[in-house]
Amino acid sequence: MARAGHAIHLPQAYWNRDADVLLGALGASRTGLSARQAAARQRRFGANRVEETDETHAGTLLLRQFSNPLVLILLFGAAVSLVLREWTEAAIIIAVVLGSALLGFAQEYRANAAMAGLRRRLALQARVRRQGRSATLPASALVPGDIVELSAGNLVPADGVVLKARDFLVTEAALTGEPFPVEKRPGIVAVEATLAARGNCVFLGTSVRSGTATVLVVQTGRATVLGALAGRLRQRPRETAFAHGLRQFGQLLLRVMLVTVVFVLAVNQWLGRPMVESLLFAVALAVGLSPELLPAIVSVTLSHGARAMAKRGVIVRRLEAIENLGSMDVLATDKTGTLTAGVIALSEAVDAAGERSKRVLELAYLNASLETGIDNPLDAAIVAAGRGAGLAEPAPQRKVDEIPYDFIRKRLTIVVDDGEGAHRIVTKGAFANVLSVCTQMAHADGEAPLDGARLDALQRLFEDWGRNGIRVLAVATRRVAARSAYHHEDEAGMTLSGFLLFLDPPKPQVQKTLADLAALGIAIKVITGDNRHVAAHLARTVGIDTSRLLTGEEIATLNDESLWQRAAHTDLFVEVDPQQKERIVRALQRSGHRVGYLGDGINDAPALQAADVGISVDGAVDVARASADIVLLRPDLDVLRAGVQEGRRTFANTLKYIAMTTSANFGNMMSMAAVTPLLPFQPLLAKQILLNNLLSDVPSVAVATDRVDPDLVQTAPRWDVHEVRRFMLVFGLVSSAFDLLTFAVLLKGFGADEATFHTGWFVVSVLTELVVVLVLRTHRASWRSRPGTLLATLTVAVAALVCSVPYAGSFAALFGFVPMPASLLAACAAITLAYLAVTEGVKAAYFRRLRAPA
């Protein structure tokens with residue numbers, strides 16, 4: 001092992017160096033670094049990350065609160081007030097803006113901290129040799145000189161050179177654009193070799209398709225190829241339907257605000273009012289119209305949903321995916337572990353005649369015990385059955401070579417020393433793929449040729465097993481003269497030994513879970529590589545329609561348009577090749593569905609990325625987990641059902657804030673803009689509008705914890721900016737009608753002067769914005785839907801505070817408020833109650849129209 005103090009020289013063109021020379025230059029050995037060496041290198045080279053962590057620093061979050069152009073304009077106005085020595089005006093504007101910023105900061109900081117904790121639970125791990133032993137460590141702990149062991153399904157955690165490899169294929173499309181896996185092997189390549197030509201190297205961000213390898217880490221973090229290209233390769237995350245709707249909504253508000261500001265400025269200048277006062281009033285109106293806490297509320301609501309989902313066993317990797325999970329109406333999934341118990345058991349090992357055979361079990365046990373590729377439940381079941389039958393553990397030194405499993409051959413081969421000077425090839429795999437390399441079959445009297453009649457008989461046996469829900473693997477063997485290495489071509493001329501019969505029964509409650517998902521409007525589409533007979537048997541058992549079935553062979557003959565038509569009406573896709581999974585997902589999307597895809601294998605990654613929401617499980621291979629938006633801690637559809645419901649609650653509560661805030665704000669601000677030319681003074685001062693906005697926003701921070709009506713969870717939500725605009729106009733007009741009533745009562749009924757008008761209008765404006773929260777938070781009658789405790793408490797507390805503001809002495813004077821007579825306060829309360837009643841009636845009519853058939 002290299003000494004801890006050995007100097008480290010990171011060589012240029014390391015792909016052109018001999019492996020032993022590289023090990024020396026890096027002060028490393030094939031047995032791995034010591035803990036002391038690794039710690040010293042971590043300090044020198046830093047964490048193995050291309051970018052900073054996803055955690056946003058508090059300072060950045062705080063500054064983000066002031067990045068809104070409207071807030072910057074207000075601060076500019078405050079600066080102008082300071083220049084003009086309007087100390088009180090400037091102080092109030094700064095205080096109110098700071099209050100809103102701190103409110104948003106507190107919510108976003110808590111949300112970010114919660115999400116950072118969830119992300120750490122899903123951090124990438126790597127198998128590393130340290131101090132002569134193999135250990136699993138966070139990939140961020142890797143340093144130059146580390147020895148990493150890679151196998152199928154792993155993400156490559158750093159740049160390095162291959163020291164040892166066996167059928168090692170790597171997908172490098174993210175870096176080189178090459179769509180097909182490329183083989184990597186030890187060796188030396190030319191100094192001028194391009195990235196794609198460096199066949200002895202692996203690179204961070206690529207993934208292992210098949211085989212195994214031992215790799216010497218040379219570059220980590222930003223020193224890697226991916227780190228150097230990160231700025232160019234960084235892709236903008238795909239925009240969710242919800243994010244698209246928010247963007248459209250923001251554009252709508254921007255247009256309304258621009259028109260409002262220009263109109264108010266023009267009118268005030270026409271009336272000869274001071275420019276600074278007019279500018280501040282116009283900007284305050286725009287701020288009042290905009291839901292400036294929307295980014296914070298969305299972050300808080302999403303993170304609250306993510307925490308609630310984590311408690312149910314659903315980890316969110318990408319916050320924006322929560323809404324897509326809620327809006328999902330099709331779930332595409334394999335059957336193993338989701339529809340079935342996932343605890344696969346070897347039922348029997350039988351010979352080619354279907355009779356129980358200890359010899360077949362011995363061969364299968366030898367193969368499964370010595371293979372070093374992808375961990376899978378079938379091998380685990382074989383090993384468990386072998387141990388249960390008392391078979392001796394095969395000695396590792398008996399193993400001569402391994403031809404790893406891949407998704408083309410669908411076979412795995414182990415070569416062992418038979419102890420008599422020869423080698424034995426033992427192959428197991430899919431029924432058809434193993435039979436394709438066999439020329440004879442084991443027979444009671446020795447061996448018999450695999451002619452057409454025997455193949456037909458075996459096919460009938462295979463189909464009978466499949467119709468009974470039994471999954472079948474074939475086992476074949478061949479004795480050969482000893483030699484040093486074996487390749488795919490050696491899987492030929494083999495003798496069929498027999499079959500392994502597996503049972504994976506349906507989960508006990510799966511039919512109820514499927515019914516619950518159907519009640520949520522989610523259709524299940526099973527996509528499996530298993531044969532049609534096994535898949536159809538399971539589908540019938542759990543209640544999935546098997547009359548609408550597509551095989552991989554049929555899919556291959558369909559063009560995209562035909563597949564779009566067929567996929568929407570098909571519930572069972574069988575014998576599907578890995579590359580066809582993504583085609584099916586895209587076909588379902590083209591037919592108008594929001595598609596979730598649940599997968600845990602190497603070849604699920606493209607489909608996971610193509611789906612509206614990619615879902616994987618905690619035990620999935622690295623590349624599947626990294627491609628997913630959602631990770632289930634248990635492969636259980638009932639856990640997913642709970643996650644869907646939480647996603648819909650999150651979606652509903654976010655829309656609540658938008659609906660509640662924009663409807664009342666739109667009405668109030670439009671009313672003020674409309675009466676500006678009709679009054680001899682501003683309807684409200686800029687500082688009063690900002691205080692109004694701050695106080696009415698306080699209850700909004702509790703929206704994330706509000707209760708959601710059950711009927712909103714039962715259907716997949718859809719964002720419709722036209723419906724939001726209609727909602728804003730309808731309820732904004734109701735609000736404006738009561739604003740005009742308030743103006744009339746203040747001016748005609750009480751003959752209010754400027755200060756009294758401002759005070760009365762401020763109180764009514766805030767109170768109506770508060771009560772509308774309790775009315776519009778539900779589609780039901782408000783007295784039939786109890787609000788969340790925090791939301792109700794904050795709403796009542798702010799209402800009490802607003803009613804007391806005019807009597808708050810110097811504080812009231814700062815904002816230009818005066819005490820109101822009891823009769824005026826009673827009139828304000830009556831207007832608020834009347835507004836509540838009318839809004840409730842309009843709401844009932846509005847949603848009755850929406851529910852009416854077209």
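The structure under discussion appears in the preceding block.
Residues numbered from 1 in each chain as written. Predicted model: local features only at pLDDT ≥ 70, side-chain atom pairs only at ≥ 80, totals over all residues. Heavy atoms only, no water.

**Student:** Teacher, can you tell me more about the overall build of the protein chain here?
**Tutor:** Broken down by element type, the protein chain carries 30 helices and 23 strands. For the protein chain, with 854 residues in total, the buried portion stands at 54%. Taking the contacts inside the protein chain whose residues are at least 6 apart along the sequence as the reference set, 73% of them involve residues at least 24 apart. Surface exposure of the protein chain reaches about 35,900 Å², of which carbon and sulfur atoms provide 57%. (Helix = DSSP H or I, 4+ residues; strand = E, 2+ residues; numbered from the N terminus. Buried < 20%, exposed > 50% of the residue type's maximum accessible area, 1.4 Å probe, protein only. Contact = heavy atoms within 4.5 Å. Areas by Shrake-Rupley, 256 points an atom, 1.4 Å probe, with all protein chains shown as cover.)

**Student:** Sorry, what's going on with the packing of aromatic side chains here?
**Tutor:** Here the distance between the centres and the angle between the planes together describe a pair of aromatic rings. Counted by the stated rule, this structure contains 16 aromatic pairs. Aromatic side chains Phe727 and Tyr846 sit 5.5 Å apart centroid to centroid with 85° between the ring planes, which places their arrangement in the edge-to-face category. With Phe727 in helix H26 (residues 721-749) and Tyr846 in helix H30 (residues 822-851), the pair connects residues that are 119 residues apart, well separated along the chain. Taken as a pair, Phe727 and Tyr846 share a single burial class, namely buried. Ring geometry for Phe743 against Trp761: centres 5.0 Å apart, planes inclined by 70°, an arrangement best described as edge-to-face. In this pair, Phe743 sits in helix H26 while Trp761 sits in helix H27 (residues 754-776), placing the two residues 18 residues apart along the sequence. For the pair Phe743 and Trp761, one class covers both residues: buried. The rings of Phe431, Phe462, Trp465 and Phe499 are connected pair by pair, giving a single aromatic cluster. Lying over the aromatic face of Trp15, Arg198 brings its terminal NZ or CZ to 3.5 Å of the ring centre. Sitting over the face of the ring of Tyr846, Arg849 holds its NZ or CZ atom 5.3 Å from the ring centroid. (Phe/Tyr/Trp six-rings, centres within 6.5 Å; stacked < 30°, edge-to-face > 60°. Lys NZ or Arg CZ within 6 Å of the ring centre and 35° of its normal.)

**Student:** Before we go on, may I ask you to explain the environment of Ile188 in this structure?
**Tutor:** Tracing the sequence through the fold places Ile188 in the loop between strand S5 (182-183) and strand S6 (201-202). Sequence-wise, Ile188 and Arg198 are 10 residues apart; in three dimensions their C-alpha atoms are separated by 8.6 Å. Excluding residues within four positions of it along the chain, Ile188 makes contact with Trp15, Asn16, Arg17, Asp18 and Asn200.

**Student:** Explain the nonpolar core to me, please; I cannot follow it from the model alone.
**Tutor:** Grouped burial of nonpolar side chains is what soluble globular proteins tend to show. Counting 60 residues, the largest nonpolar core has Leu325, Leu331, Ile615, Ile630 and Leu632 as its most contacted members. Considering every element that reaches this core, the biggest residue donor is helix H17 (residues 532-542), with 5 residues. The residues touching Ile630, leaving out its near neighbours within four places in the chain, are Met309, Val314, Ile315, Val316, Ala321, Leu325, Val613, Gly614, Ile615 and Ser616. In this structure, Ile689, Leu691, Ala702 and Leu767 belong to the second largest nonpolar core, which totals 57 residues. (Core = buried A, V, L, I, M, F, W, Y, C linked by side-chain atoms within 4.5 Å.)

**Student:** Quick question: what am I supposed to make of the environment of Gln269 here?
**Tutor:** Relative to the helices and strands, Gln269 is located in helix H8 (residues 241-270). Residues in contact with Gln269, not counting those within four places in the same chain, are Pro274, Met275 and Ser278.

**Student:** Honestly, the packing of helix H12 (residues 358-370) against helix H13 (residues 377-388) in this entry has me stumped. Any pointers?
**Tutor:** The packing of two helices is summarised by the inter-axis angle and the distance between the axes. As a packed pair, H12 and H13 sit with axes 9 Å apart at the nearest point and diverge in direction by 125°. Taken together, the axis directions place H12 and H13 in an arrangement best described as oblique. The element H12 and its partner H13 pack so that their crossing is left-handed. Side by side, H12 and H13 meet where Leu361, Ala364, Tyr365, Ala368 and Ser369 of the first sit next to Asp379, Ile382, Val383, Ala385, Gly386 and Arg387 of the second. Here the contact of H12 with H13 is composed, by residue class, of 7 nonpolar, 2 polar and 2 charged. (Axes fitted to C-alpha atoms, helices over the stretch in contact; angles between N-to-C directions. Parallel < 35°, antiparallel > 145°, perpendicular 65-115°, else oblique. Left-handed = near helix turned anticlockwise from the far one by under 90°. Nonpolar A, V, L, I, M, F, W, Y, C, P; charged D, E, K, R; others polar.)

**Student:** In this structure, what is going on with unusual backbone geometry? I would like to understand it.
**Tutor:** Most peptide bonds take the trans form, and the phi angle of most residues other than glycine is negative. A positive phi angle is found at Ala13, which is not glycine, with a value near 45°. Mapped onto the elements, Ala13 comes out in the segment before helix H1 (19-25).

**Student:** When you look at the sheet that holds strand S22 (residues 613-617) in this model, what are you seeing that I'm missing?
**Tutor:** Strand-to-strand pairing in sheets goes through backbone hydrogen bonds, with the strands running parallel or antiparallel. Sheet architecture is open: 8 strands sit in the order S8-S23-S22-S21-S9-S18-S20-S19, paired in mixed fashion. The open sheet has two free edges, formed respectively by strand S8 (314-316) and strand S19 (549-551), since each of these has just one partner strand. Each strand axis lies, on average, 20° off the axis of its neighbour in the sheet, ignoring direction. One ladder, built from 2 bridges, connects strand S18 (residues 523-527) with strand S20 (residues 572-574); its direction is parallel. (Pairing = 2+ DSSP bridges.)

**Student:** Can you help me understand H30 in this one?
**Tutor:** In an α-helix there are 3.6 residues to a turn, and that puts residues three or four apart on one side. The end-to-end C-alpha distance of H30 is 44 Å, a good match for the 44 Å that 30 residues give at a rise of 1.5 Å each. Among the residues making up H30, those that are buried are Leu824, Ala827, Cys828, Ile831, Thr832, Tyr835, Thr839, Glu840, Lys843, Tyr846 and Phe847. (Expected span 1.5 Å × (residues − 1).)

**Student:** What is the right way to look at the environment of Val631 in this model?
**Tutor:** Among the secondary structure elements, Val631 is positioned in strand S23 (residues 630-632). When the C-alpha atoms of Val631 and Val617 are compared, they prove to be 5.0 Å apart, with 14 residues separating the residues in sequence.

**Student:** Before we go on, may I ask you to explain the pairing of strand S21 (residues 595-598) in this structure?
**Tutor:** Sheet faces and side chains relate simply in a regular strand, where the side chains alternate between the two faces. Judged by which residues are buried, S21 turns out to be covered on both faces: Val595 and Tyr597 on one side and Gly596 and Leu598 on the other are all buried. Relative to S21, strand S9 (residues 330-333) is paired through 4 bridges, and the arrangement is parallel. Along S21, the bridge assignment pairs Thr333 with Leu598.

**Student:** Explanation requested: the pattern of salt bridges in the structure shown.
**Tutor:** Where charged atoms of side chains with opposite charge meet at close range, the side chains can pair. In total, this model carries 32 salt bridges according to the counting rule given. Notably, a salt bridge pairs Glu491 with Arg409, separated by 2.7 Å at the nearest N-O pair. Of this pair, Glu491 sits in the loop between strand S16 (471-481) and strand S17 (494-503) while Arg409 sits in the loop between strand S11 (399-403) and strand S12 (411-417); the two residues are 82 residues apart in sequence, bridging distant segments of the chain. You can call Glu491 buried: its relative accessible area is 4%. In this structure, the salt-bridge partner of Arg479 is Glu420, at a minimum N-O distance of 3.3 Å. A residue pair is termed long-range when its members are at least 10 positions apart, and Arg479 in strand S16 and Glu420 in the loop between S12 and strand S13 (422-430) qualify at 59 residues. Since its relative accessible area comes to 43%, Arg479 is described here as partly exposed. (Salt bridge = Lys/Arg side-chain N within 4 Å of Asp/Glu carboxyl O.)

**Student:** How should empty space enclosed by the protein be read in this particular structure?
**Tutor:** If a probe the size of a water molecule is rolled over the atoms, the empty space left behind becomes visible. Throughout the structure, instances matching the rule amount to 4 cavities of 30 Å³ or more. The computed volume of the largest cavity comes to approximately 80 Å³. Lining the largest cavity are 10 residues, and of these Met660, Thr661, Ser696, Glu769 and Val773 sit closest to its centre. Listing elements by their share of the lining of the largest cavity, those giving two or more residues are helix H23 (637-675), helix H24 (686-697) and H27. Broken down by element, the lining of the largest cavity gets its largest block of residues, 4 residues, from H23. (1 Å grid on protein atoms, 1.4 Å probe; cavity = no way out; pocket = protein on both sides within 12 Å on 5 of 7 lines; lining within 4 Å. Points joined across faces, edges and corners; volume = space filled by probe spheres on them.)

**Student:** Would you take a moment to explain the packing of H26 against H30 for this structure?
**Tutor:** H30 packs onto H26 with a crossing angle of 155° between their chain directions and a minimal axis gap of 10 Å. Taken together, the axes of H26 and H30 lie roughly antiparallel to each other. Crossing of H26 over H30 shows right-handed handedness. Partitioning the contact of H26 with H30 into residue classes produces 17 nonpolar, 3 polar and 4 charged.

**Student:** Can you walk me through the side chain of Glu723 in this structure?
**Tutor:** Inspection of the secondary structure assignment puts Glu723 in helix H26. Under the relative-accessibility criterion, Glu723 is labelled buried at 18%.

**Student:** Would you explain the pairing of strand S15 (residues 446-449) in this entry?
**Tutor:** Where strand S14 (residues 438-443) meets S15, 4 bridges bridge the pair, whose relative direction is antiparallel. Residue pairing for S15: Gln440 is matched across the bridge by Pro449. Taking the residues between adjacent antiparallel strands as the criterion, S14 and S15 are bridged by 2 residues.

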